[in-house]
Structure formats: structure tokens, C-alpha cells
There are 2 protein chains.
Amino acid sequence: MEETKDAVSLVVVGSLALDTIATPAATREDVLGGSVSYACASASFFTRTGMVGIAGADFPDAGLEQFRKFGIDLQGLHQVPGKTFRWSGVYEQNMNNRRTLCTELNVFADFSPDLPEAYRRSPFLFLANIAPALQLRVLGQIHKPRFVAADTMDLWIKTARDSLMQLIAKVDLLLINDAEARHLTGKEHLVQAARQVLEWGPRYVIVKKGEHGSMLFSKSGAILVPAYPVEDVQDPTGAGDSFAGGFMGCLANAGKITEAAVRRAMAVGTVVASFAVEAFGLDRLATVTRADIDARDAEFLKMIRI
Amino acid sequence: MEETKDAVSLVVVGSLALDTIATPAATREDVLGGSVSYACASASFFTRTGMVGIAGADFPDAGLEQFRKFGIDLQGLHQVPGKTFRWSGVYEQNMNNRRTLCTELNVFADFSPDLPEAYRRSPFLFLANIAPALQLRVLGQIHKPRFVAADTMDLWIKTARDSLMQLIAKVDLLLINDAEARHLTGKEHLVQAARQVLEWGPRYVIVKKGEHGSMLFSKSGAILVPAYPVEDVQDPTGAGDSFAGGFMGCLANAGKITEAAVRRAMAVGTVVASFAVEAFGLDRLATVTRADIDARDAEFLKMIRI
């Protein structure tokens, strides 16, 4: 699809989906979703972001229009015959637990991303949740990236462990949620799980704990960030992807990987995720402004300052 | 029992217990415990602390000796004929969930605390977990305290709601864990639950989330503190009481209630609790030094600084 005028500083590959989401309050069908949507939308507040993904013929124009409004570069987004990937899930009362009802791969079954030339020198790369083989394929097409992060999910830990382990050895940062960290490493305690991941190669691992915040581990120590206390969570879908997108967008904007930049990115990711869950899909991110983000960021920093 | 030479600046009333604790790793019998033990031991690192509680004739001298080593003032501790209060519980694999196997009130059934004269002008008072009627009784015996905090538990929310509500209206700070906050207020979301508690009177409410840290709410905002990531939790019993004891000890040492003092106390409570869970009962607090606490405090501040 079309390109924007500036070079991208962050490329994100991941799933593009139409989700059917049931929460205790409401059910919505064909909500714009998938890891790449949340991550790109979140990153777009901070840096020029290129989306790599695949949409079916049924993907709504309004969705593309939405991406453009975020300022996302869509050169890497391919629309092909067939149906868009679909996911449906239901959340329990407390919104922490969800059950997947149905997953239809559709056009994703044959997805084999080829990066546009303009993306191949992007300094920052985020391999959002998608099959590790595809993440590896995209990683192989980027020329000497400065910083590469990857996310994953339980499905790949179960069904594609070998390629996932290959990927983990090659990235600078692995993002993973608490249950997945335990599953992946076989270690119950998150500090031990994180240490195990660091031994496999990444300089950093971020363990995402949903409403309980996130923890970054590196050889030099840990950074602990609580979640922003959202009062009225409407839809937790994509919170982790939004965190990651905000984190990577902020880091790409900083341009270099210093400890201060990483700490900043943890807070910014937290704040962006807190907006994302306030409405279904991208609805809240679509109305929020950079000034809103900065204001909540300042409020959040006050909350966590000792 | 005997008094120490200096006036106490913090009085703590609560349960004194001999616990039988089963974790996935080990089972221990007659472990020195109860809310007043953990809270006084934790506070004793920071301020002169007086213990108000009741022990049976079977209470071991070694336990009293332990309290003395902490420097706890024992004028308010009464030893009477009969058996000491006993609790036994078992922790699940992840240490977050526990089941109470048995509670024997014993000498607690007729406990009716009368404060020593020397305690009645203590500026700080912590009403640790015990029946709300007893907390109210102690509160009524203190002359114009500067700051009063109370903790509670599910049992009292269920069985003594009226006196608990009376108590809540009279304290400056309510400490409560996440499940109890939901139970007490009927509100699923912790921010809403906390706001409800503030409407009942307290200036502050601290929601304790175990391994996920704690959140303080006041009319002017929130303070969010993650837990220190303890790598090898041996026994989570008393973590909340240790947090509260460290918090109140730190605040009593500061002597006044400023926002900065409250923030400091949140971090110190977190650090003291992180030591408490590293061994059964008071075993770790008994070997830790103020220098150890200060060192981990500095490490923790680095972890949470953005």
C-alpha cells in the first residue's frame, strides 16, 4: 500500500485481525485488532512506524483509513483475496482471564512477508505476536537493525518451540507475559524465568503482568513499573501489544538505547496501554492525543515517584 | 511485662500466634506469628514500638526473648493461663493462595486489652488485624494520637461488619488486601473500592496486592509501589503485617505526615516485607540488620525510578 513521505524508524510485523470480543459489559463483532494494529497505533504517537501485515479482501476501508489517521506507513501492508484473520474471545468478570472461542487463520495461513525496500534499513524492529518462523523471516530481511524486540504467545511455545528458541537467541528484547514466561522456561518464579531467558541471548526481557504492571530484567538489574490504575476497563484486548508499541515507539524516538531511555519507554508503554483498554479495539487510541498521553504520563510519574 | 527505657512512639495491637505453616517446600509447627509479632518486629527497625497482645502459658520464652532482641517494648504484652492463639494454613504451589486449616482462639477468646499508662500518649497507633471491637477498645484508650492505621481481614468483614465500619470511620489509614477491599465495598475495581473507603472517613487507604505490590489512595491521588522481586519466597505469612509495621515504623520515625514521608514509608514497608517472606515466621527479620534494609531500599529505589 501507499507510503508516507518520511523514512520509517520502526517497523512492526504481526497479526492483523478482526476480533469478536465479549466482556461482561458488551459484545462487539469485527473489531479492528491484531498485534500489529495495536502496536503500530501505539508507536505512531512517537515515531514514524511501518506496518507489515496481511489483510483479506473483506478488510474494511474504515480500518485502513484509521491506520492512515494514526500516520502509520502502510507500504508493508498487503491486501489479498480471501478473508482477514479472525479471533474471538470472552473475558471473565474481573477482565484478567480470557478464553479464546475461535481462531480462523484465513489469509494468514499463507502469509510470507517481504519487506518493502524502504523498511530494510529501519533502525528499530518490533516482531509482534505472530508465528516465530514469520518473525525470523522478517528479521532476516532487515539490515543491521539497532534494536530488535519480539513478543510471542502460548500457542507458539507449544507448537513452534524450536523456531521460537532460534528467534529468542537473535533479539535484543523479549516481551512475554507472566504465564508465558513460566510456560516457556518451566520456572515458577518470574525472576528465575527472566534470568533463564537472558541466558538464551536477549539483553532485556520484559515480563508483562497485565493489571499488575511490568518488569524489565537485564544483566545489570530490574526495572519495575506498576500499571496505571484504569478505573473503567472496557476491553483488555491488545493491552500488551499497546504497551510494546508505546515502548518501541518511545525508544525509536529516543534513537539510542540508554538506561534512561529504556526507563522512559517502560512508563510510556504503560500509559499508552492504559488508554488502549478504555474502549474496544483501537477506539480510545483513535481519540487520544499526544497531549493526553503526556498529561497521563506526568500524572503516572507522580504516582510512582518515591 | 517489662518496659524499655524510652517512651514508645508507636503502639501496635494485634494477634499473637503460634502458627503451623505448610508451603510446597516445608511444614513448620508452632512458628512465632500473628499480626502483632510481624508488625512490631518490622516497626522496631525504625522506632520505639510497644506491643499490645496476649500470650498463653505455653508461649515459649524464646519468643519473648526474640521480641526483646528486636527492642520491642513488652509492657502491653500479657501472659495468662491457657493456650496461645493458634493458626494453621497451607500454601499452594505459587504461594499466592492459601487455605486456613484451623484457627484456635484460646486465650484470645477473652482478650480485653488495657493499655499501659505509658502507651496512652503514643503519637502513632497501628491496630493490626484482630477483632474490630478490640481495635476500637484500644483506640478509645489512646489520647489524641497523631496518626492511626488499622488492618482487617475477611473474617471481620463477614462477622463483625458493624464494628468494622465504626472503626473505619475513626482511623486515618485503612490497610486492606485486594480481595478484602472488593469484599468490603462490593466494588470489583480497586480504584472504585478505594474511593468508597475514603468516603467512609479515612484520609488514606492502602490496598495490598501481595507479590504485585501496593497502592495508596487519598483524595489527592494515588501512590503505586511494586513489590520487591524476592527470588526465593519461603513463607508469605505475615507479609502484609510486615509491610504495615515497616510503614508505620518509618512514619513514626519521621514524626509527621507529609506526602514525602508517606512515599518513603511505602517503599520501606515493601522492603521490610520482602525480607519477612525469605524465611518462616520472624526468622529472616531476626537476622536482618538495619544496614541490610537500607541497602535493599537503595536497590529497590533504583528499580522503580523512571
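That block above? That's the structure.
Sequence order sets the numbering: in each chain, residues are counted from 1 along the sequence as written. Chain labels run from A onward and ligand labels from 1 onward, assigned in the order the entries are written. Local features in this predicted model are restricted to residues whose pLDDT is 70 or higher, and side-chain atom pairs enter the listing and the counts only when it is 80 or higher, whereas totals over whole chains, interfaces and linings include all residues. Side-chain measures were taken over the full set of non-hydrogen atoms in the model, leaving aside hydrogen atoms and water.

Draft legend 1. Inspection of the interface of chain B and chain A at higher detail. Every residue pair with non-hydrogen atoms within 4.5 Å of one another is taken to be in contact. Contact residues are listed per partner, giving 30 residues for chain B and 30 residues for chain A. Here's the idea: put two parts together, see how much 1.4 Å probe accessible area each one loses, and the total over both is what we call buried area. Of the roughly 2800 Å² buried between chain B and chain A, counting both surfaces, carbon and sulfur atoms make up 55%. Per-residue buried area on chain B facing chain A is highest for Leu224(B), Glu231(B) and Ile306(B); these three make up 27% of the total on that side. We define a salt bridge as a side-chain nitrogen of Lys or Arg found within 4 Å of a carboxyl oxygen belonging to Asp or Glu. Run the count over chain B and chain A and you get two salt bridges. A salt bridge links Glu231(A) to Arg195(B), with the shortest nitrogen-to-oxygen separation between them at 2.6 Å. Counted as a polar contact is a pair of N or O atoms within 3.5 Å, where, for protein atoms, one must be capable of donating a hydrogen and the other of accepting one, and residues adjacent in sequence contribute only when both atoms are in side chains. Linking chain B to chain A there are 14 residue pairs in polar contact (both at pLDDT 80 or more).

Draft legend 2. The sheet that holds strand 3 (residues 27-33) of chain B, seen in detail. Residues and elements named next belong to chain B. In this analysis, strands are considered paired if DSSP registers two or more bridges between them. Strands are runs of DSSP state E lasting at least two residues, helices are runs of H or I lasting at least four, and both sets are numbered from the N terminus onward. In spatial order, the strands read 3-2-6-7; together these four strands make up an open sheet with mixed pairing. Edge positions in the sheet fall to strand 3 and strand 7 (98-104), since each of these pairs with one other strand and no more. Looking at each pair of strands side by side, their axes are set apart by 20° on average, direction ignored. With six bridges joining them, strand 6 (residues 86-91) and strand 7 adopt antiparallel strand pairing. Across the sheet, Ser88 pairs through a bridge with Cys102, a residue of strand 7. Each axis is a line fitted through C-alpha atoms, taken for helices only over the stretch in contact, and angles between the N-to-C directions span 0 to 180 degrees.

Draft legend 3. Seen up close, the sheet that holds strand 8 (residues 124-127) of chain A. Residues and elements named next belong to chain A. The nine strands lie next to each other as 5-4-1-8-9-10-11-12-13, forming an open sheet whose pairing is mixed. In this open sheet, the two strands that pair with only one neighbour each are strand 5 (77-79) and strand 13 (221-225). Ignoring strand direction, the axes of neighbouring strands in this sheet form an average angle of 15°. Pairing geometry for strand 10 (residues 173-177) and strand 11 (residues 204-208), over five bridges, is parallel. The residue bridging Leu174 from the neighbouring strand is Val205, located in strand 11.

Draft legend 4. Geometry of the relation of the copies chain B and chain A. Here the copies were fitted onto each other by least squares, based on C-alpha atoms from residues at pLDDT of at least 70 in both. Least-squares fitting of chain B to chain A yields an RMSD of 0.0 Å, with the transformation described by 0.0 Å of translation along the axis and a rotation of 180°. The symmetry that links the two subunits is that of a two-fold axis. In this assembly the copies share their binding face: 100% of the residues contributing to the interface of chain B also contribute to that of chain A.

Draft legend 5. Region of interest: unusual backbone geometry. Residue and element names in this part refer to chain A. Of note, Asp30 is a non-glycine position whose phi angle comes to about 50°, a positive value. Along the chain, Asp30 turns up in strand 3 (residues 27-33). For the exposure calls, accessible area comes from a 1.4 Å probe over protein chains only, and a residue counts as buried if that area is under 20% of its type's maximum, exposed if over 50%, partly exposed in between. Residue classification places Asp30 among the partly exposed positions, given a relative accessible area of 42%.

Draft legend 6. Region of the structure containing helix 6 (residues 178-185) of chain B. Residues and elements named next belong to chain B. Looking only at helix 6, the buried set comprises Asp178, Glu180, Ala181, Leu184 and Thr185. Each buried residue of helix 6 sits inside an arc of 160° when the element is viewed along its axis, so together they form one side. The backbone nitrogen of Ala179 has a side-chain oxygen 3.1 Å away, supplied by the residue at the start of helix 6, namely Asn177. Just beyond helix 6, the residue with positive phi is Gly186, at close to 75°. Within this analysis, the arc is defined by the directions that extend from the helix axis to the C-beta atoms.

Draft legend 7. Structural view of the pairing of strand 9 (residues 147-151) of chain B. Residues and elements named next belong to chain B. Counting buried positions along strand 9 yields five of five residues, so the element is predominantly enclosed. Burial along strand 9 is two-sided: the face carrying Phe147, Ala149 and Asp151 and the face carrying Val148 and Ala150 are both buried. Where strand 8 (residues 124-127) and strand 9 come together, four bridges link them in parallel fashion. Paired with Phe126 across the two strands is Ala149, which belongs to strand 9. Where the polypeptide runs from strand 8 across helix 3 (residues 132-141) and back to strand 9, its parallel neighbour, the crossover connection is right-handed. Assignment of crossover handedness uses the view with strands pointing away from the viewer, where a clockwise path from the first strand over the helix to the second indicates a right-handed crossover.

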